[in-house]
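# Structural features, examined
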Amino acid sequence: MRHARVAGLGVAAMAGLAAPWVLASSTSVEPALIPVRLGTQLRLASAGTTLRAFRLTEELHPRPGDLVTVTGRPIRPGIYPGAVLLDGHAAPSSALLKPGDRITVVDGRDRTEPVRQVVTRARTGQPSNPEYFLGRAPGDTVTAIGRISGEVASASFRPTGPSVQPHAVALTFDDGPWPVSTRAILRILIRKRAPATFFLIGQQAKARPDLVDAELAAHMQVGDHSWNHPLDPPLAHLHAVEIRNQIAFTRSVETRLGVRVTAFRPPGGSWSDQVVTIAGGLGCRVVLWSVDPRDWAPGATARGIVRHVLSHVHPGSIILLHDGGGDRSATVRALPRIIDGIRRRGLRLTTIER
């Protein structure tokens, strides 16, 4: 039987059949694999793999960090590199991986620009300039300003004498007039009988005079927010002629539309003594803010905007919101609750005084 003949083959014959297989296997030995961990996941790498080769194979590219302004806007993107760590430490790219090694990808950390403190004096009987709060009181406004961007990080008021503080709050809106959102905000303000101040971009006002007319018809106050909202470089870093033009061009458009312009809000809150002087020469006081819910930031929600405003508002607060510059649907949804919440605190709404 065939089965019997196969079973009866001698040892030498079997060895002869096996020899070619042995020879073949000895010439195609697979490299040994070693286990390593990439974060929480197990990976197999060939023995002798370097850290650099592993990074290339796994396409490990840590995100670099940015230098950002005090309001979170990138000004020098990608200048703080990330790292790929070996067992929690930096290692040369030529390092050989060993079984059990742990590889971690660490993104670069965003860092905020340094700040400087500016102290401005306010005298009794007139608002401070720049103005962060409503009211009349002698004292100092202490402002933290980004050293690179000139943007405002925070402001606080230190009274040095008796305060005449109104039991009122000012709602202000920047970056309009803007299609859809400006009209939606006006409808809410009119329905709620809530006065507000709109700081307009000159280019926008020129393009949409109908919206400026609607603001004036609703008895809202209108101010100047520069011609084209310069941020890079910021307004305070521009040449004096450019600063004047940013204010004057917008003022000219608004005046032709029937606006009496007495307030200027610099984009990003970027101001200097020169900005105050130039604005003053054009008949404008610089007006900033004391409550900023960052309703312009990506991911801003109506609930978050309302929570921030109502947890920070006090008598004399100037609240910064936006009716232009992008999708402002979250601000529109938040506005009725903001107005109702302010009034429940016994505060009235007012405009910025002329």
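Each chain has its residues counted from 1, running along the sequence as written. In keeping with the predicted nature of the model, local features appear solely for residues at pLDDT of at least 70, side-chain atom pairs appear and are counted solely at 80 or more, and the whole-chain, interface and lining totals rest on all residues. Hydrogens and waters are ignored; side-chain quantities use all the structure's heavy atoms.

## Notes on a positive patch on the surface
Rules: In this scheme, patches are assembled from residues that exceed 30% relative accessible area and form no salt bridge. Like charges are connected within 9 Å, while nonpolar side chains (Val, Leu, Ile, Met, Phe, Trp, Tyr) are connected within 5 Å. Surface accessibility in these figures is a Shrake-Rupley result with a 1.4 Å probe; residues are shielded only by whichever protein chains are displayed. Salt bridge, as used here, is a side-chain nitrogen of Lys or Arg placed within 4 Å of a carboxyl oxygen of Asp or Glu. Here the positive residues are Lys and Arg and the negative ones are Asp and Glu; neither His nor the chain ends is included. For the purpose of locating charges, the reference atoms are NZ of Lys, CZ of Arg, CG of Asp and CD of Glu. Numbering of helices and strands runs from the N terminus, with a helix taken as a DSSP run of H or I at least four residues long and a strand as a DSSP run of E at least two residues long. The buried label goes to any residue with under 20% of its type's maximum accessible area, the exposed label to any with over 50%, and the partly exposed label to all in between, with areas taken from a 1.4 Å probe on protein chains only.
On the surface, R303, R307, R333 and R337 cluster together to form a positively charged patch. Those elements that provide at least two residues to the positive patch are helix 9 (302-312) and helix 10 (329-344). By the element assignment, R333 lies in helix 10. A relative accessible area of 48% means that R333 is categorised as partly exposed.

## Observations concerning the sheet that holds strand 7 (residues 111-112)
Here is the rule: Think of it this way: DSSP has to see at least two bridges between two strands before they count as a pair.
What the 3 strands build is an open sheet, ordered 4-3-7; its pairing is mixed. On the outer flanks of this sheet lie strand 4 (74-80) and strand 7, each paired with one strand and no other. Sheet analysis places strand 3 (residues 65-68) next to strand 4, joined by 3 bridges and oriented antiparallel. Each bridged residue has a counterpart across the sheet, and for V68 the counterpart in strand 4 is P74.

## Points about the nonpolar core
Convention followed: The set of buried Ala, Val, Leu, Ile, Met, Phe, Trp, Tyr and Cys residues whose side-chain atoms join them within 4.5 Å is what this entry labels a nonpolar core.
The biggest cluster of nonpolar side chains holds 69 residues, and the ones touching the most others in it are L171 and L189. The dominant element in this core, judged by the number of residues it contributes, is helix 10, at 7 residues. Grouped together as the second largest cluster of nonpolar side chains are 12 residues, V36, L38, A45 and I103 included.

## A few points about unusual backbone geometry
Of the consecutive residues G176 and P177, the connecting peptide bond is found in the cis state with omega at 0 degrees. Topologically, P177 is positioned in the loop between strand 11 (168-176) and helix 4 (181-192). With omega at 5 degrees, the peptide bond leading from D232 into P233 counts as cis. Locating P233 in the fold gives a position in the loop between strand 13 (221-224) and helix 7 (240-256). Positive phi is not limited to glycine here, since D87 has a value of about 55 degrees. Phi is positive for V180, close to 70 degrees, though the residue is something other than glycine. By secondary structure assignment, the location of V180 is in the loop between strand 11 and helix 4.

## Focus: the packing of helix 4 against helix 6 (residues 209-217)
Let me state the cut-off plainly: Interaxial angles span 0 to 180 degrees and are taken between N-to-C directions of axes, which are lines fitted to C-alpha atoms, for helices over the stretch in contact. Orientation labels follow simple angle bins: below 35 degrees gives roughly parallel, above 145 gives roughly antiparallel, 65 to 115 gives roughly perpendicular, and whatever is left gives oblique. In what follows, a contact means two residues having at least one pair of non-hydrogen atoms within 4.5 Å. Side-chain classes are defined by residue name, with Ala, Val, Leu, Ile, Met, Phe, Trp, Tyr, Cys and Pro counting as nonpolar, Asp, Glu, Lys and Arg as charged, and the others, Gly among them, as polar.
In contact at an axis separation of 11 Å, helix 4 and helix 6 are set at 10 degrees when each is read in the N-to-C sense. Looking at the two axes, helix 4 sits roughly parallel to helix 6. Contact residues: helix 4 offers T182, R183 and L186, while helix 6 offers D210, L211, A214 and E215. For the contact of helix 4 with helix 6, the per-class residue count stands at 3 nonpolar, 1 polar and 3 charged.

## Description of the packing of helix 9 against helix 10
The condition is simple: Left-handed describes a crossing whose near helix is turned anticlockwise from the far helix by less than a right angle; the clockwise case is right-handed.
Where helix 9 contacts helix 10, the two axes come as close as 8 Å, and the packing angle between them is 30 degrees. As summarised for this structure, helix 9 and helix 10 are arranged roughly parallel, according to the angle between their axes. Between helix 9 and helix 10 lies a crossing of right-handed hand. From helix 9, A302, R303, I305, V306, V309 and L310 reach across to helix 10, where they touch A330, T331, R333, A334, R337, I338, G341 and I342. Grouping the amino acids of the contact of helix 9 with helix 10 by side-chain chemistry returns 9 nonpolar, 2 polar and 3 charged.

## Considering the pairing of strand 12 (residues 197-200)
Remember that side chains alternate between the two faces of the sheet whenever the strand is regular. On strand 12, burial covers both faces: T197 and F199 on one face and F198 and L200 on the other are all buried. Where strand 11 meets strand 12, 4 bridges bridge the pair, whose relative direction is parallel. The residue of strand 12 that forms the bridge with G176 is L200. Pairing geometry for strand 12 and strand 13, over 4 bridges, is parallel. Note on strand 13: the bridge partner recorded for F198 is V222.

## Quick word on the pattern of salt bridges
In the structure shown here, the tally under the stated rule is 8 salt bridges. The salt bridge partner of K98 is D101, with a shortest N-O separation of 3.6 Å. By relative accessible area, K98 is classed as partly exposed at 47%. Under the relative-accessibility criterion, D101 is labelled buried at 3%. Connected through shared salt-bridge partners, R183, R208 and D210 make up one network.

## So, the packing of aromatic side chains
For the record, the criterion: For this analysis, a ring pair means two rings from Phe, Tyr or Trp (six-membered ring only for Trp) whose centres lie within 6.5 Å, classed as stacked if their planes differ by under 30 degrees, edge-to-face if by over 60, and tilted for the remaining angles.
The final tally for this structure, using the stated rule, is 2 aromatic pairs. With a centroid separation of 5.2 Å and an interplanar angle of 20 degrees, the aromatic rings of F173 and F198 are classed as stacked. With F173 in strand 11 and F198 in strand 12, the pair connects residues that are 25 residues apart, well separated along the chain. Ring geometry for W227 and F249: centres 6.1 Å apart, planes at 85 degrees, overall edge-to-face.

## Observations concerning the pairing of strand 6 (residues 102-106)
Pairing between strand 1 (residues 33-38) and strand 6: 2 bridges, direction parallel. Bridge pairing links R37 to R102 in strand 6.

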